[in-house]
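Listed here are the chains, written in short residue letters.
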Amino acid sequence: MAESQPLLGRKSLTVQERDHHRQPYLTFTDGICQQGPTRAGNQQGPSTRHQAAWNGQSRGRANVLPPPSLNEDQAREALLSYISSTCCWSAGPAERMVIKDIVPSSTFSYKLETFMESRAIRTVSEPYEGRPIPLVTTRATPDPWEVTVRATSLFENSTQEVEIPNTVSIKSCHECYGKGFQECDECNGRGGDKCTMCNRGDSYRSRHRQIVIHHGHNRVNRNGGDCSFCNGSGRRQACSRCHGNGSTKCSTCKGTSQLRTSVKLTVTRINNTDFIAGEGTGIPLKLIKRARGQVVFEEELSRVNPITHFQDQSINNASSQLIAKHQFQPNKKIIRQRQSVNLVPISQVRCMYKGAPIHYFVYGFDNKVYAPDYPAQCCCTIL
């Protein structure tokens, strides 16, 4: 079987810098990467991939590998490898089916990544332990978007929290009114558990007398002695929480009686990704997305412009639609964008098994398999 020709030949690209303060972007015209419209006011240089072109040098675009041409042995081996990794699939039909034809093709996929961040503020109070506080400058408290918070990595989800300058203050604890302790809520400040044998411990300072049961009625001990359980204190034992003190350390200020209050800024970064592949391949989009293809175009800028002259019009449409969609992100700021076009090879294998036609697909440079109508998808099937 003759090898199929690559969809994109090796072409050279040339970009000229017309204005030092204008940023060109690169598009494809008949497989040739060319300069497109410019965006005024953007002084950021191009991505590393196109740095040579930005410097006025002519460089060749990366070679586009031709889609791999499968023979019958490779197609059958790919199917058997897939069956061995799939539960309850029998290898019998794959070993005995007759391969009639292998039709090579390919598809383009487009991916747009928009790395953006959102910001939120909240007031935080913590126990003040005597540590020095930042000096308050004469400048006003900055707006949340004026605070510099650098991302540790691009195109990865992350969350950072920083303290906004000039927002630190020391205040008395509002929970304990600056005392550092609170009444024990276990014993209500009595310092011990109520005695259940004398008047139920209702009167802490009164003389508690023992109550005895006589013919079903509660009576005070005729001897007039103190309760033998609490010795007249009204407490059977010291409170297990406050150890008899009647108060506990304030849970808000941890006994320091003061709070350090500041405004914290939470920066949440999200990599918003959209993916579109060519239609009519017969393979689900989620499988094409995970397939190992070849990058034929990649661009990374603070803002990317739509691809307008790619040889596959569906890629042009996808680029325009997704970039327009990503521009409208309420309460979010776009930091960086990246777009890429991948070439994914696909081979449709047509077979005959027991007089019935079946087919499956081998796709990607790693020979993944998609076989939705394989006849033995359960090992219990009688063949």
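Residues numbered from 1 in each chain as written. Predicted model: local features only at pLDDT ≥ 70, side-chain atom pairs only at ≥ 80, totals over all residues. Heavy atoms only, no water.

The protein is annotated in an unreviewed UniProt entry as Protein SSUH2-like from Holothuria leucospilota.

Caption draft 1: Summary view of the overall build of the protein. From N to C terminus, the protein includes five helices and 18 strands. Residues classed as buried in the protein amount to 37% of the 383 residues present. For the protein, contacts bridging at least 24 residues in sequence account for 75% of all contacts bridging at least 6. Element-wise, carbon and sulfur atoms account for 46% of the exposed surface of the protein, whose accessible area totals about 22,400 Å². (Helix = DSSP H or I, 4+ residues; strand = E, 2+ residues; numbered from the N terminus. Buried < 20%, exposed > 50% of the residue type's maximum accessible area, 1.4 Å probe, protein only. Contact = heavy atoms within 4.5 Å. Areas by Shrake-Rupley, 256 points an atom, 1.4 Å probe, with all protein chains shown as cover.)

Caption draft 2: Inspection of the packing of aromatic side chains at higher detail. Scanning the entire structure with this criterion turns up five aromatic pairs. Measuring from ring centre to ring centre gives 5.9 Å for Phe115 and Phe155, while their planes differ by 45 degrees; the resulting arrangement is tilted. Placement of Phe115 in strand E5 (residues 98-127) and of Phe155 in the loop between E5 and strand E6 (158-163) is noted, with a sequence separation of 40 residues between them. For the pair Phe115 and Phe155, one class covers both residues: buried. Grouped by ring-pair contacts, the aromatic residues Tyr82, Trp89 and Tyr374 constitute a single cluster. The side chain of Arg338 reaches across the aromatic face of Phe155, ending 4.1 Å from its centre. (Phe/Tyr/Trp six-rings, centres within 6.5 Å; stacked < 30°, edge-to-face > 60°. Lys NZ or Arg CZ within 6 Å of the ring centre and 35° of its normal.)

Caption draft 3: Region of interest: the layout of surface pockets. If you add up the space inside the largest pocket, you get close to 210 Å³. Residue assignment for the lining of the largest pocket shows that the elements contributing at least two residues are E5, strand E14 (258-277), helix H4 (285-290), strand E15 (294-301) and strand E16 (333-353). For the lining of the largest pocket, the class distribution of residues is six nonpolar, four polar and five charged. In this structure, the second largest pocket occupies an estimated 150 Å³ of space. Listed by contribution, the elements that provide at least two residues to the lining of the second largest pocket are helix H2 (72-84) and strand E18 (368-370). Within the lining of the second largest pocket, the residues separate by chemical class into six nonpolar, three polar and two charged. (1 Å grid on protein atoms, 1.4 Å probe; cavity = no way out; pocket = protein on both sides within 12 Å on 5 of 7 lines; lining within 4 Å. Points joined across faces, edges and corners; volume = space filled by probe spheres on them. Nonpolar A, V, L, I, M, F, W, Y, C, P; charged D, E, K, R; others polar.)

Caption draft 4: Quick peek at the nonpolar core. In this structure, Leu79, Met97, Val349, Tyr360 and Tyr374 are the most contacted members of the largest nonpolar core, which totals 20 residues. At the level of secondary structure, the elements contributing two or more residues to this core comprise H2, E5, E16 and strand E17 (356-363). In terms of residue count, the dominant contributor to this core is H2 (four residues). For Val349, the residues in contact, after removing those within four places along its chain, are Ala75, Ile99, Asp101, Ile102, Ile358, His359, Tyr360 and Val362. Counting 15 residues, the second largest nonpolar core, distinct from the first, contains Leu112, Val296, Leu322 and Leu343. (Core = buried A, V, L, I, M, F, W, Y, C linked by side-chain atoms within 4.5 Å.)

Caption draft 5: Representation of unusual backbone geometry. Positive phi values are uncommon outside glycine, yet Asn166 reaches one of about 65 degrees. Along the polypeptide, Asn166 turns up in the loop between E6 and strand E7 (169-172). Of note, Asn331 is a non-glycine position whose phi angle comes to about 60 degrees, a positive value. For Asn331, the location among the structural elements is in the loop between helix H5 (313-327) and E16. The class of Asn331 is exposed, set by a relative accessible area of 70%.

Caption draft 6: Structural view of the pattern of salt bridges. This structure, assessed with the given rule, holds ten salt bridges. Between Arg131 and Glu126 there is a salt bridge; the shortest N-O distance is 3.6 Å. A single salt-bridge network, built from bridges that share partners, covers Glu126, Arg131, Glu163 and Arg260. (Salt bridge = Lys/Arg side-chain N within 4 Å of Asp/Glu carboxyl O.)

Caption draft 7: Structural detail: the state of the cysteines. Within this structure, the stated rule accounts for zero disulfides. With no disulfide of its own, Cys184 lies closest to Cys187 among cysteine sulfurs, the gap being 3.8 Å. (Disulfide = S-S within 2.5 Å.)

Caption draft 8: Representation of H2 within the structure. The first and last C-alpha atoms of H2 sit 18 Å apart over 13 residues, in line with the 18 Å expected at 1.5 Å per residue. Considered for burial, the residues of H2 that qualify are Ala75, Arg76, Ala78, Leu79 and Ile83. Axial view of H2: buried residues confined to an arc of 155 degrees, hence all on one face. Relative to its buried face, H2 has exposed residues pointing more than 90 degrees away, namely Asp73, Glu77 and Ser84. (Expected span 1.5 Å × (residues − 1). Arc of directions from axis to C-beta.)

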